[in-house]
Amino acid sequence: MAQNVLVIGSGGREHALGWKLAQSPRVKKVYFAPGNGGTSENVDIKQNEIDKLVAFAKKTDCLSVVGPEESLSLGIADAFAKEGLRLFGPIKQAAMLETSKVFAKEFMKKAGIPTAEFAAFSDAQKAKDYIIRQDKPLVVKADGLAAGKGVIVCDSAQQAIEAVEKIMVAKEFGAAGGRVVIEERLSGEEASFIAMCDGKTLIPLASSQDHKRVFDGDKGPNTGGMGAYSPAPVVDSKLHEKIVRRVMEPVLREMKARGTPFAGFLYAGIMVDEKTGEPYVLEFNTRMGDPECQPIMMRMKSDLYEYIDAAIDGRLASAPPIQWREGTAACVVMASRGYPGSYKKGEPIEGLGDFGPDTMVFHAGTTRDAQGRVVTNGGRVLGVTAAGKDAKHAIENAYSAVRKIRWGENGHYYRTDIARRALR
C-alpha cells in the first residue's frame, strides 16, 4: 500500500530527500515542513514545532524523515515514538553525538574510535592556559550546535586564544559556546562517510567529500558547505572497510550497550591522515549531510523509501546492498554574496530552467514571494547538482547550469573548484 511521507526541514538536503522518495512506487505523496521555494506540498510548520509536526503526521498518516539537527536535538524521535508514529532519525540521547562535541569526543574515547587528542573546558581562562602549553596547531570547537560554523581551525596559539574569546566570551554562537573542545589539528584529506542504521545494523551510502570553506582553494571561514561530490576517490575499498569496522560499527555497539540504540543517518566526518592513510573522526553528525545528500541521492539507483522503511522496523540486516549509478555526481552551492556573514534576501532568481535528466537544481534558501516568483531567503540558496560519466563531466554539467542562474546586482557567489580533487 502506498504511504504518505513527511520530510522535515527546509534546505537542499530535504529537497533532495523528498525528490528521491517521490520516485518510489510505494510513496503516495511527499509533504515538506516547512519546505522552500522549490518544494511542493509545503506545510506551514517549522522544524522546531514538534507538537504540530506530531499532529500533522498523525492526521495524514505519514512516515517521517528528519533532515536538520535542530529537530533531533529537541527530541523529535522520542516525541513521535511516544505517539506510535514511524520516523527515521535518532532519539535525543543518541543525537548527542552531534549536539555536543564534548559528549562525542568522550564517547569516541570510550568506544576506542580513532580521533584527535583533545581537552574540554567550560572556563575560558583555563582553555587559554591549556593553549599556551601546546606546541602543535589546534582546532577550537563550540560544544553545541552552530550551523556548521562553530569550528575554528587555527594556525597559531594566538588564533586559538582569539577563537576561545569569540566562542566563550563574546558568545558569537550563543549557548553553543558554553563549553569548548580544543583538539590537535590533523592534516590530510577529508571525506564524508554516511550510513543508514537501524540500531543493530548499518548499510553504508556512497562516499562523498564536502567543501566547508567559503572561498576557492579551501580559504576563508567555515560554512555549512559550499559544494560536494560523490564518490570521493580517497575512500578506496580498503579504507571503506576500515571506516566501517573502526568507526561506524563501534558507534552502534556502544550506543546499544548504553541502552540508546542509534537508528537514523550516521555521518562521520573523516580525516585521512596524510602520512599514514589512517582514518580519524573529526566529527559525527546524526543526520544526512548537506550538501553531500544532493550528489548521493543523484547517484542512488535503489529505492530510498525501501531502506528507510526497513531501518524503522529494524530489518536492515536482510536488505540488499544499495545500487549506485556509475560515474560521479557534483553539487555546486550558489550562495548569497556575503555568506556566511550578512547578505540580502528577497532577490528574484532568474534562469531556473529544466537542465535535463542529469542535472537537478535543489533549493535551499529560497521562498516564493506574493507574485509566486522564487526569491532568495538564505545564505546557501541553491545546490546545483549534476551527474556525469566521470568527475570531469559531472563538474562540467554542474557549472554549465550554474552559469545560467543569477539574482540581484552581482548578488550570488559560488566556488569554482568544487570536486577538483576528484580530477587528481
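Residues numbered from 1 in each chain as written. Predicted model: local features only at pLDDT ≥ 70, side-chain atom pairs only at ≥ 80, totals over all residues. Heavy atoms only, no water.

Here's the deal with the overall build of the chain
Short version of the rule: Per the convention used, a helix needs a DSSP run of H or I reaching at least four residues, while a strand needs a run of E reaching at least two, with both numbered from the N terminus. To get the radius of gyration, use the C-alpha atoms; to get the globule rule, take the number of residues to the power 0.38 and multiply by 2.2 Å. Each residue's exposure class comes from its accessible area (1.4 Å probe, protein chains only) as a fraction of the maximum for that residue type: buried when under 20%, exposed when over 50%, partly exposed otherwise. In this analysis, two residues are considered to be in contact whenever any of their non-hydrogen atoms come within 4.5 Å of each other.
The helix and strand inventory of the chain stands at 13 helices and 24 strands. Its C-alpha atoms give the chain a radius of gyration of 21 Å, near enough to 22 Å, the size a compact globule of 424 residues would have. By its C-alpha atoms, the chain is 60 × 50 × 40 Å across when sized along the principal axes. With 424 residues in all, the chain has 57% of them scored as buried. Counting only contacts in the chain whose residues sit at least 6 apart along the sequence, the fraction spanning at least 24 positions is 69%.

Describing the pairing of strand β22 (residues 380-388)
For the record, the criterion: DSSP calls a pair of strands paired once it identifies at least 2 bridges connecting them.
Extensive coverage of β22 is indicated by the burial of eight of its nine residues. Across eight bridges, strand β17 (residues 328-336) lies against β22 in antiparallel orientation. In the strand pairing of β22, A335 is matched with R380.

With respect to the pairing of strand β2 (residues 27-34)
Along any regular strand the residues' side chains alternate between the sheet's two faces. Short version of the rule: Handedness is read with the strands pointing away from the viewer; a crossover is right-handed when the path from the first strand over the helix to the second is clockwise.
In terms of strand pairing, strand β1 (residues 3-9) meets β2 through six bridges, oriented parallel. Bridge pairing links I8 to A33 in β2. Read as a crossover between parallel neighbours, the route from β1 over helix α1 (residues 12-21) to β2 is right-handed.

Considerations on the environment of A319
The residue A319 is located in the loop between α11 (304-312) and β17 in this model. In this view, A319 contacts I203 and Y307; residues no more than four positions away in its chain are not counted.

Thoughts on the state of the cysteines
Test applied: When the sulfur atoms of two cysteines come within 2.5 Å, that pair is taken as a disulfide.
With the rule as written, the count across this model stands at zero disulfides. Residue C197 stays outside any disulfide, its sulfur separated by 15 Å from that of C293, the closest cysteine. The thiol of C331 is not disulfide-bonded; the next cysteine sulfur, from C293, is found 9.5 Å away.

Quick notes on the sheet that holds strand β16 (residues 279-285)
Where we set the bar: Here, axes are lines fitted to C-alpha atoms. For helices the fit covers the stretch in contact, and angles between N-to-C directions go from 0 to 180 degrees.
Within the open sheet, the four strands sit side by side as β10-β9-β15-β16. Their pairing is antiparallel. Two strands lie at the open edges of the sheet, namely β10 (202-204) and β16, each paired on one side alone. For this sheet the average axis-to-axis angle between neighbouring strands, irrespective of direction, equals 30°.

Examining helix α6 (residues 101-111)
The element α6 is largely enclosed, with a buried count of eight among its 11 residues. G112 lies just past α6 and shows a positive phi near 70°.

Some points on the side chain of D309
Inclusion rule: Here a polar contact is taken to be a pair of N or O atoms separated by no more than 3.5 Å, where protein atoms must pair a possible hydrogen donor with a possible acceptor and residues adjacent in sequence count only if both atoms sit in side chains.
In this structure, D309 sits in helix α11. By relative accessible area, D309 is classed as buried at 7%. Among the polar contacts made by the side chain of D309, one reaches the side chain of R86 at a distance of 2.3 Å. Ignoring anything within four residues of it in the chain, the contact list for D309 reads R26, L63, R86 and R315.

Looking at the sheet that holds β2
Spatial ordering of the open sheet is given by β2-β1-β3-β4, a layout of four strands whose pairing is parallel. Each having just a single partner strand, β2 and β4 (87-88) make up the two edges of the open sheet. Packed onto the sheet, α11 meets β1, β2, β3 (62-66) and β4 and runs at close to 95° relative to β3.

Observations regarding α11
Of all nine residues that make up α11, seven are buried, and the element is covered over most of its length. Residues L304, Y305, Y307, I308, D309, A310 and A311 constitute the buried set of α11. At the N-terminal boundary of α11, the capping side chain belongs to D303, with an oxygen 2.9 Å from the backbone nitrogen of Y305. Two residues or fewer after α11 comes G314, characterised by a positive phi angle close to 75°.

Comments concerning the environment of I91
On the secondary structure map, I91 appears in the loop between β4 and α5 (92-99). Separated by 15 residues in the primary sequence, I91 and I76 place their C-alpha atoms 7.3 Å from one another. Here I91 is in contact with A77, D78, T260 and P261, once residues within four sequence places are set aside.

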